[in-house]
Amino acid sequence: MEYFAQQVFNGLTLGAIYALIALGYTMVYGIIGMINFAHGDIFMLGAFAAMMVFLILVAIFHSLPAAVALLVMAIVAMVLTSLWSWMIERIAYRPLRGSFRLAPLITAIGISIALSNFVQVVQGPRNKPIAPMISQTFDVFGVVVALKQIVIIGVTAVLLAVFWYLVNKTPLGRAQRACEQDPKMAAMVGIDVNRTISVTFIMGAALAAVAGTMFVMYYGVISFSSGFIPGVKAFTAAVLGGIGSIQGAVLGGLLIGLIEALWSAYFSVDYKDVAAFSILVVVLIFLPSGLLGRAEVEKV
């Protein structure tokens, strides 16, 4: 039982990271119906920004508290990734918004390749490790709980609560929901659709930056290709939970993390990705809209 509880806690930690990334996918899809396949690389850029901030802080302040370092890392990563995401949306996606549906998808794949290759050229192809930031652990009824796992789950819970409040209780959230239902009618009643979509990209990028910061803190290593697998897993989580559903993205992220952790613990770790995608296929066979997704109604 202790071993099972240990793996469940590990899965929830990993799933929290996936959930933060998956929210970016589901937000953009919910408003403009676009799959932003460059979102995984935005997560990777946020992780690299956090890593560089950490190295600078260590070089300047030799005994900076871990909490302060994490806060500075997350803030800088959020600002930079938000700026990059805004530029990508403004330059690459907005001009194609009225084009045929494959054009933004192909552009997103191209942006993803460009970002990963740019980081490969600038930072090199090798893994970039950093010194452990938080190493404290606790023994809770036979389960080893790392302080960094508590930080990841706690930060994710707080951000999701703030995000839920923004979407459901603020004028920005009402504008986003209006653009999701009918962009043309939203524009007619005075909502700036372009600005709302840009803010949505910025919010998704900020969440991905926090996920990147947590990833660097948890694993202590990052590379130019580190955005691909987490990006695909987060997209899978968004589809599993119901693409376009915020609650579904969180549920899907946690489920993917749990499936990976439990499969790796009791079966071959080489097939953990197969298990996650197999569960997705099974769910979509019986629930084509995902666990919490809504069936699309075609407007005529």
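See the structure above.
Residues numbered from 1 in each chain as written. Predicted model: local features only at pLDDT ≥ 70, side-chain atom pairs only at ≥ 80, totals over all residues. Heavy atoms only, no water.

J.: Please give an account of the packing of aromatic side chains that cites residues and values.
T.: Applying the stated criterion to the full structure yields eight aromatic pairs. Note on Phe 43 and Phe 215: the rings are 5.5 Å apart at their centroids and 85° apart in plane angle, and the pair reads as edge-to-face. One end of the pair, Phe 43, is in helix α2 (residues 39–60); the other, Phe 215, is in helix α8 (residues 193–219), with 172 residues separating them in the sequence. Phe 215 matches Phe 43 in its accessibility class, with the two residues each being buried. (Phe/Tyr/Trp six-rings, centres within 6.5 Å; stacked < 30°, edge-to-face > 60°. Helix = DSSP H or I, 4+ residues; strand = E, 2+ residues; numbered from the N terminus. Buried < 20%, exposed > 50% of the residue type's maximum accessible area, 1.4 Å probe, protein only.)

J.: Please set out the nonpolar core residue by residue, giving values where relevant.
T.: Tyr 93 and Met 133 are the most contacted members of the largest nonpolar core, which totals 74 residues. Looking at which element gives the most residues to this core, the answer is α8, with 15 residues. The contacts of Met 133, once residues within four sequence positions are left out, are Phe 54, Ala 66, Ala 69, Leu 70, Met 73 and Met 217. (Core = buried A, V, L, I, M, F, W, Y, C linked by side-chain atoms within 4.5 Å. Contact = heavy atoms within 4.5 Å.)

J.: Requested: an account of the pattern of salt bridges, with residues and values cited.
T.: All told, the structure shown has six salt bridges when counted by the stated rule. In this structure, Glu 260 and Lys 272 form a salt bridge, with 3.6 Å as the shortest nitrogen-oxygen distance. On the criterion of sequence distance, the pair formed by Glu 260 in helix α10 (residues 246–266) and Lys 272 in helix α11 (residues 272–286) is long-range, its members being 12 residues apart. When its relative accessible area of 3% is taken as the criterion, Glu 260 is described as buried. A single network of salt bridges, built from pairs that share partners, joins Lys 233, Glu 260, Lys 272 and Asp 273. (Salt bridge = Lys/Arg side-chain N within 4 Å of Asp/Glu carboxyl O.)

J.: Can you lay out the packing of helix α5 (residues 147–169) against α8 for me, pointing to particular residues and giving the numbers?
T.: Between α5 and α8, the shortest axis-to-axis distance is 10 Å and the interhelical angle comes to 175°. The angle between the axes of α5 and α8 places the two elements in the roughly antiparallel class. Residue-level contacts link Lys 148, Gln 149, Val 151, Ile 152, Val 155, Leu 159, Phe 163 and Leu 166 of α5 to Met 203, Leu 207, Val 210, Met 214, Met 217 and Tyr 218 of α8. A per-class count over the contact of α5 with α8 returns 12 nonpolar, one polar and one charged. (Axes fitted to C-alpha atoms, helices over the stretch in contact; angles between N-to-C directions. Parallel < 35°, antiparallel > 145°, perpendicular 65-115°, else oblique. Nonpolar A, V, L, I, M, F, W, Y, C, P; charged D, E, K, R; others polar.)

J.: Any details on a nonpolar patch on the surface? Residues and values, ideally.
T.: Together, Met 1, Tyr 3, Phe 4, Trp 263, Tyr 266, Phe 267, Tyr 271 and Val 274 make up a nonpolar patch on the protein surface, roughly 910 Å² of accessible area in all. Put simply, the parts of the chain that give the nonpolar patch at least two residues each are α1 (2–32) and α10. As for its placement among the helices and strands, Tyr 266 is situated in helix α10. The exposure class assigned to Tyr 266 is partly exposed, which follows from its relative accessible area of 43%. (Patch = residues over 30% accessible without salt bridge, like charges linked within 9 Å, V, L, I, M, F, W, Y side chains within 5 Å. Areas by Shrake-Rupley, 256 points an atom, 1.4 Å probe, with all protein chains shown as cover.)

J.: Go over the side chain of Thr 236, please, and point to the residues and values.
T.: Mapped onto the secondary structure, Thr 236 falls in helix α9 (residues 228–241). The exposure class of Thr 236 is buried, given its relative accessible area of 3%. Setting aside chain neighbours within four positions, we find Thr 236 in contact with Ile 256, Phe 277 and Leu 280.

J.: Report on the pairing of strand β3 (residues 143–146), specifying residues and quantitative values.
T.: Across four bridges, strand β2 (residues 137–140) lies against β3 in antiparallel orientation. Residue Thr 137 lies in a different strand from β3, and its bridge partner there is Ala 146. (Pairing = 2+ DSSP bridges.)

J.: Requested: an account of unusual backbone geometry, with residues and values cited.
T.: A positive phi angle, close to 55°, is found at Phe 141, a residue other than glycine. In this structure, Phe 141 sits in the loop between β2 and β3.

J.: Could you give an account of α2, with specific residues and numbers?
T.: Helix length check: α2 (22 residues) gives 32 Å between terminal C-alpha atoms against 32 Å at 1.5 Å per residue, within 8%. Across the 22 residues of α2, 16 count as buried, placing the element largely inside the fold. (Expected span 1.5 Å × (residues − 1).)

J.: An account of the packing of α1 against α9 is requested, with residue identities and associated values reported.
T.: Across the interface, α1 lies against α9 with an axial gap of 8 Å and an inter-helix angle of 70°. Between α1 and α9, the angle is such that the two are roughly perpendicular. For the pair α1 and α9, contact is made by Tyr 18, Ile 21, Ala 22 and Tyr 25 and by Pro 230, Gly 231, Lys 233, Ala 234, Phe 235, Ala 237 and Ala 238, respectively. Here the residues of the contact of α1 with α9 sort into nine nonpolar, one polar and one charged.

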